[in-house]
Every structure is written in C-alpha cells, then in structure tokens.
Amino acid sequence: MGQLNAGIVPVTPFQQNCTILFDGDDKTGVVVDPGGDVEQILAAIRDNGITITAIWLTHGHIDHAGGAMELKEALGVDIVGPHEDDRLLLDNLEAQAQRFGLPGAVRNCVPDRFLTEGETVSFGDHKFEVLHCPGHAPGHVVYYNRDAKFAHVGDVLFHGSIGRTDLPGGDHGALIHSIKEKLLPLGDDVGFICGHGPGGRFGEERRSNPFLV
C-alpha cells in the first residue's frame, strides 16, 4: 500500500475544495465533492496520471455536488454518498442553481449508493469510516481514515470556524454535537481537509476554535 495523498482543486465561485484522494504508488483514487468546473477536475486527474474509481459526496449543496453527474459520465464511475437525508437537496440542485443565478450550470444528482453511519468505503487498501454528521446539512457525512489519522470533513468544521446553519436543513445544535461527539474524540492529532479554505488538526480546533471553546 502506498501513502495516502490528497490534491485540492478549488472550483466554482464558491472556491470549494474539490479533493482528489489517491494512493501514491498505484495512483488509484476518488474525487470528493466535485462542485463544478469539471474540465478543470478532469485536467488535474489526467495531469497526475490518477485512475478514479468513484466519486464521494459529503453533502448535497450545489458547491459540493453540482458537477457530480457530469463527472460521473466523463469517468464512468459511481457516485457514493452522502447520507439519504440529503436526497431532497440533491433532487433540487437545479433549483439551487437558479437561486444563485446559475441556471443550466448543474444537474440534479442521483447517487448510486447512499451511506449510513458505521459503513466503510475504500479505494485500494485505503479504508475510510463513514460518520453521519448532520447540522450543516441533514445528510452530511465525514470520511475518516484511521490508519492515516486523516478526515475529510466537508463543511462540518473549518480552520477557526464551523459550517453555517442558516441554510435549509441546518441545525446549529446538531452541528456542534456532530463536532464534539463524533469528530473531536477521534484525537487531537487527526488532520483534516475541509470544504473551503485551509485544513488543520482537531486538537487545534478543540483548543482555539471560538465556536467550540
């Protein structure tokens, strides 16, 4: 098994961290949250010689799932995740796009498989535990690799901040519970990539994030 690697492709006007997770030896991997700018994502995949085996979604907001169907067709792979509680969001991506003044830019998304708490997903020998972490979105999931002490947290947690809860389906209490009861107990040394901006480590957020202390 090679080292777990991650490359970030910022996409759309929201500058969302579309993430390519891949094995350093055999160059197989997955795309997490292709929000748009699919040609840019495909170019990064080609330029780095990566073979994509699946698309993983953390949640159903437009900036994370807006390009999923287009990328699925380009690569011929399945869309996996998020939790089924985000089905309504994924069914209404086109309506989300209209509200943001982006008609025709995205398509509603139909995952090949929804995920539940406690499942695992993998590529090669890299196994990720699925944590259902609602609050920012009802069906938000986090992907946690125990061996690498790494998590992709989507929009649950940010460096020095947390996900917004003023969108449909948002719940501030549920979000704080997800962070404090599911993420932080994984350990201070767990590093994370988030949906926007720089990542960090859980310990730093536990000690200094103003929404958590």
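Use the structure listed above.
Rules used throughout
Residues numbered from 1 in each chain as written. Predicted model: local features only at pLDDT ≥ 70, side-chain atom pairs only at ≥ 80, totals over all residues. Heavy atoms only, no water. Helix = DSSP H or I, 4+ residues; strand = E, 2+ residues; numbered from the N terminus. Expected span 1.5 Å × (residues − 1). Buried < 20%, exposed > 50% of the residue type's maximum accessible area, 1.4 Å probe, protein only. Arc of directions from axis to C-beta. Contact = heavy atoms within 4.5 Å. Polar contact = N/O pair within 3.5 Å; in protein donor to acceptor, adjacent residues only side chain to side chain. Pairing = 2+ DSSP bridges. Phe/Tyr/Trp six-rings, centres within 6.5 Å; stacked < 30°, edge-to-face > 60°. Disulfide = S-S within 2.5 Å.

1. Some points on helix 6 (residues 172–183)
So, step 1. Helix length check: helix 6, at 12 residues, gives a terminal C-alpha distance of 16 Å against a target of 16 Å (1.5 Å per residue), a fit within 8%.
So, step 2. Taken together, the buried positions of helix 6 are Leu 175, Ile 176, Ser 178, Ile 179 and Leu 183. Looking down the long axis of helix 6, one finds its buried residues gathered within 155 degrees of arc, a one-sided arrangement.
So, step 3. For helix 6, the secondary structure elements touched by its buried residues are strand 8 (126–132), strand 9 (141–145), strand 10 (150–154), strand 11 (157–158), strand 12 (161–162) and helix 7 (202–208).
So, step 4. For helix 6, the capping residue at the N-terminal end is Asp 171, with a side-chain oxygen 3.1 Å from the backbone nitrogen of Gly 173.

2. A word on the environment of Leu 184
So, step 1. Relative to the elements of secondary structure, Leu 184 occurs in the loop between helix 6 and strand 13 (191–194).
So, step 2. Residues Leu 184 and Gly 203, 19 residues apart in the sequence, show an inter-C-alpha distance of 7.4 Å.

3. Examining the pairing of strand 2 (residues 16–23)
So, step 1. Among the 8 residues of strand 2, 8 are classified as buried, and the element is accordingly described as predominantly covered.
So, step 2. Residue alternation in strand 2 divides its side chains into two sets, Gln 16, Cys 18, Ile 20 and Phe 22 and Asn 17, Thr 19, Leu 21 and Asp 23, and both sets are buried.
So, step 3. Relative to strand 2, strand 1 (residues 4–11) runs antiparallel, the two being bridged by 8 bridges. Of the residues in strand 2, the one forming a bridge with Val 11 is Gln 16.
So, step 4. The loop that links strand 1 with its antiparallel partner strand 2 comprises 4 residues; one of these, Thr 12, has a positive phi angle of about 65 degrees.
So, step 5. Where strand 2 and strand 3 (residues 28–32) come together, 4 bridges link them in antiparallel fashion. Within strand 3, the position partnered with Ile 20 by the bridge is Val 31.
So, step 6. Count of turn residues in the strand 2/strand 3 antiparallel hairpin: 4 residues, of which Lys 27 carries a positive phi of about 60 degrees.

4. Some remarks on the side chain of His 126
So, step 1. Within the element layout of this structure, His 126 appears in strand 8.
So, step 2. Classification of His 126 by relative accessible area gives buried; the value is 4%.
So, step 3. A polar contact of 2.7 Å, which involves the side chain of His 126, links it to the side chain of Asp 23.
So, step 4. Ignoring any residue separated from it by four or fewer positions in sequence, one finds His 126 in contact with Met 1, Gly 2, Gln 3, Leu 4, Asp 23, Val 121 and Asn 145.

5. Details of the packing of aromatic side chains
So, step 1. By the definition in use, this model includes 5 aromatic pairs.
So, step 2. With a centroid separation of 6.1 Å and 25 degrees between ring planes, the pair formed by Phe 123 and Phe 128 is classed as stacked.
So, step 3. A ring pair is formed by Phe 192 and Phe 202, whose centres lie 5.6 Å apart and whose planes are at 20 degrees; its orientation type is stacked. Of this pair, Phe 192 sits in strand 13 while Phe 202 is found in helix 7, placing the two residues 10 residues apart along the sequence.

6. Section: the sheet that holds strand 8
So, step 1. Read across the open sheet, the 6 strands follow the order 7-8-9-10-13-14; overall the sheet is mixed. Strands at the two margins of the open sheet, each flanked by one partner only, are strand 7 (120–123) and strand 14 (200–201).
So, step 2. Where strand 10 meets strand 13, 4 bridges bridge the pair, whose relative direction is parallel. Within strand 13, the position partnered with Gly 154 by the bridge is Cys 194.

7. A closer look at the state of the cysteines
So, step 1. For the coordinates displayed, the defined rule picks out 0 disulfides.
So, step 2. Cys 109 takes part in no disulfide bond, and the closest cysteine sulfur, belonging to Cys 18, lies 13 Å away.
So, step 3. A relative accessible area of 1% means that Cys 109 is categorised as buried.
So, step 4. Here Cys 194 is not disulfide-linked; the sulfur of Cys 18 is the nearest cysteine sulfur, at 14 Å.

8. A few points about helix 1 (residues 38–47)
So, step 1. Of the positions making up helix 1, those classed as buried are Val 38, Ile 41, Leu 42, Ala 44 and Ile 45. Angular distribution of buried residues about the axis of helix 1 spans 160 degrees; they occupy a single face of the element. Among the exposed residues of helix 1, those pointing more than 90 degrees away from its buried face are Glu 39, Arg 46 and Asp 47.

9. Remarks on the side chain of Gln 16
So, step 1. Looking at the secondary structure, you find Gln 16 in strand 2.
So, step 2. For Gln 16, the side chain forms a polar contact with the main-chain oxygen of Asp 33, separated by 2.7 Å.
So, step 3. If sequence neighbours within four positions are ignored, Gln 16 has contacts with Val 9, Pro 10, Val 11, Asp 33, Gly 35, Asp 63, His 64, Gly 195 and His 196.

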